[in-house]
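# Overview (structure and organization)
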Amino acid sequence: MMTSITANLLAFLDIGNIVLYCALIGGALGAICCGVAAVLVSRNRSKNAAPRVEAEQTQETQAAAERDEAVLCEDFVMSRNVIYSVGAEGKLNVGKYTVENADDASTKFNMRVNGLVREYEGGDIITLADGDTVSPVSGSVIISAFKE
């Protein structure tokens, strides 16, 4: 009787070990498959993302070039009491500008540059750096790129 119980127990343990080994092998294969899938997905994302970023940068570059061209090639009328910033996100680029009063009746006008109000005359040259702010105080002002 003992031998049959022992034989049955050993047979049960062998079946248990087989199930355990199958579970371990299945888990390992599942982990490997998940890792391979993650690598493939990340590769596809990086391949697809690169052209999109380049296209966005190209559009931003074209928009900036058009803005630079518009400001540098034409006169720009600044409205009274409107603050204009200089730099990448502003309406004006860094550089030298000639300022003139938009009102022909007077050649003198007041402008606020970086918070300081000062009187200017038509034809005065101002130099603007990145982060500067400009605001006409007494009336609208025409600003144009300085040409030597």
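Treat the numbers as computed from the prediction; the structure is a model and nothing was measured. (Residues numbered from 1 in each chain as written. Predicted model: local features only at pLDDT ≥ 70, side-chain atom pairs only at ≥ 80, totals over all residues. Heavy atoms only, no water.)

To continue, consider the overall build of the protein. What the protein contains, in helices and strands, is 1 helix and 8 strands. Along the protein, helices and strands appear, N-terminal first, in the series α-β-β-β-β-β-β-β-β. Within the protein, buried positions represent 19% of all 148 residues. Contacts in the protein between residues at least 24 apart in sequence constitute 61% of all its contacts with a sequence separation of at least 6. Here the protein has roughly 10,600 Å² of accessible surface; of this, 59% comes from carbon and sulfur atoms. (Helix = DSSP H or I, 4+ residues; strand = E, 2+ residues; numbered from the N terminus. Buried < 20%, exposed > 50% of the residue type's maximum accessible area, 1.4 Å probe, protein only. Contact = heavy atoms within 4.5 Å. Areas by Shrake-Rupley, 256 points an atom, 1.4 Å probe, with all protein chains shown as cover.)

With that out of the way, let us pick up the sheet that holds strand 3 (residues 95-101). If you trace the 4 strands from one edge of the open sheet to the other, you get 1-8-3-6, paired in antiparallel fashion. In the strand order of this sheet, the two ends are held by strand 1 (76-78) and strand 6 (124-128), each with one partner. Neighbour to neighbour, the strand axes of the sheet diverge by 35° on average, direction disregarded. By the bridge criterion, 5 bridges tie strand 3 to strand 8 (residues 141-145) in an arrangement that is antiparallel. Of the residues in strand 8, the one forming a bridge with Thr-98 is Ser-144. (Pairing = 2+ DSSP bridges. Axes fitted to C-alpha atoms, helices over the stretch in contact; angles between N-to-C directions.)

As a further point, take the sheet that holds strand 4 (residues 108-113). Backbone hydrogen bonds hold the strands of a sheet together, and the pairing may be parallel or antiparallel. Here 4 strands make up an open sheet; going across it, the order is 2-7-4-5 and the pairing antiparallel. The outermost strands of the open sheet, each flanked by one partner alone, are strand 2 (84-85) and strand 5 (116-121).

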